[in-house]
Amino acid sequence: MDVDYELYKKVINKLEENKPKTIKDPEIIKRVLIACRLLIEKDDTIPVIAEKLGTSDFTIYRDLTCRLARLNKIAPEVIDKNMVDAVNATLEKHRLANLY
C-alpha cells in the first residue's frame, strides 16, 4: 500500500500545530508564575485568576497544581517547596470556604 507523502506531511504538520503546549513553553511558565502571585499575594480565586489571564478555570487549576509541581522539579531554585506549599494551602482554604 502506497502512502501519499504530501498528505502525510500535512497530517504531521497539523498534529504539530495542535500539540498541547508543554511546561517548557515560556508563555506557560509566565502564566503559572502570575497565577501563583495572584493566588498567594492577592488571595484571588481560580475563577478570578482565569478571568484576569483570559483563560479557563481548568487551565488555572492545572497551572497551580500539576504545572507548578513540575516546575518545582525542573527548577527548585526558582519554584521552591514553600511556594508549592503556599499554593496548596491557599487552594485548600478556598475549597473549604466554598463548602460552608
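Scroll up a little and you will see the structure.
Being a predicted model, the structure only gives us computed values, none of them experimental. (Residues numbered from 1 in each chain as written. Predicted model: local features only at pLDDT ≥ 70, side-chain atom pairs only at ≥ 80, totals over all residues. Heavy atoms only, no water.)

> I keep staring at helix H4 (residues 57-74) and nothing clicks. Help me out?
Every α-helical turn comprises 3.6 residues, leaving residues that sit three or four positions apart pointing alike. Taking 1.5 Å per residue as the helical rise, H4 with its 18 residues ought to reach 26 Å, and the 24 Å between its terminal C-alpha atoms agrees with that figure. The sharpest bend along H4 reaches about 40° and sits at Asp63. Inspection of H4 places Thr59, Ile60, Asp63, Leu64, Thr65, Arg67, Leu68, Leu71 and Asn72 among the buried residues, and these make up the whole buried set. (Helix = DSSP H or I, 4+ residues; strand = E, 2+ residues; numbered from the N terminus. Expected span 1.5 Å × (residues − 1). Bend = angle between axes of the 7 residues up to and from the residue. Buried < 20%, exposed > 50% of the residue type's maximum accessible area, 1.4 Å probe, protein only.)

> In this structure, what is going on with the pattern of salt bridges? I would like to understand it.
For side chains of opposite charge, pairing can occur when their charged atoms come near one another. Evaluated as defined, the whole model comprises 6 salt bridges. In this structure, the salt-bridge partner of Asp63 is Arg31, at a minimum N-O distance of 2.5 Å. On the criterion of sequence distance, the pair formed by Asp63 in helix H4 and Arg31 in helix H2 (residues 26-40) is long-range, its members being 32 residues apart. Residue classification places Asp63 among the buried positions, given a relative accessible area of 0%. (Salt bridge = Lys/Arg side-chain N within 4 Å of Asp/Glu carboxyl O.)

> What am I meant to see in the packing of H2 against helix H3 (residues 46-53) here?
Describing two packed helices takes the angle between their axes plus the distance from one axis to the other. Close contact between H2 and H3 brings their axes to 10 Å; oriented N to C, the two are set at 135°. Put simply, H2 runs oblique to H3. Read as a crossing pair, H2 and H3 show a hand that is right-handed. Contacts between H2 and H3 pair Arg31, Ile34, Ala35, Leu38 and Leu39 from the former with Ile49, Lys52 and Leu53 from the latter. Residue composition of the contact of H2 with H3, by class: 6 nonpolar, no polar and 2 charged. (Axes fitted to C-alpha atoms, helices over the stretch in contact; angles between N-to-C directions. Parallel < 35°, antiparallel > 145°, perpendicular 65-115°, else oblique. Left-handed = near helix turned anticlockwise from the far one by under 90°. Contact = heavy atoms within 4.5 Å. Nonpolar A, V, L, I, M, F, W, Y, C, P; charged D, E, K, R; others polar.)

> Help me understand H3, please; the structure alone is not making it clear to me.
Buried residues of H3: Ile46, Ile49 and Ala50, and no others. Taken around the axis of H3, the buried residues stretch over an arc of 100°, which confines them to a single face. Directly beyond the C-terminal end of H3, a positive phi value near 65° is found at Gly54. (Arc of directions from axis to C-beta.)

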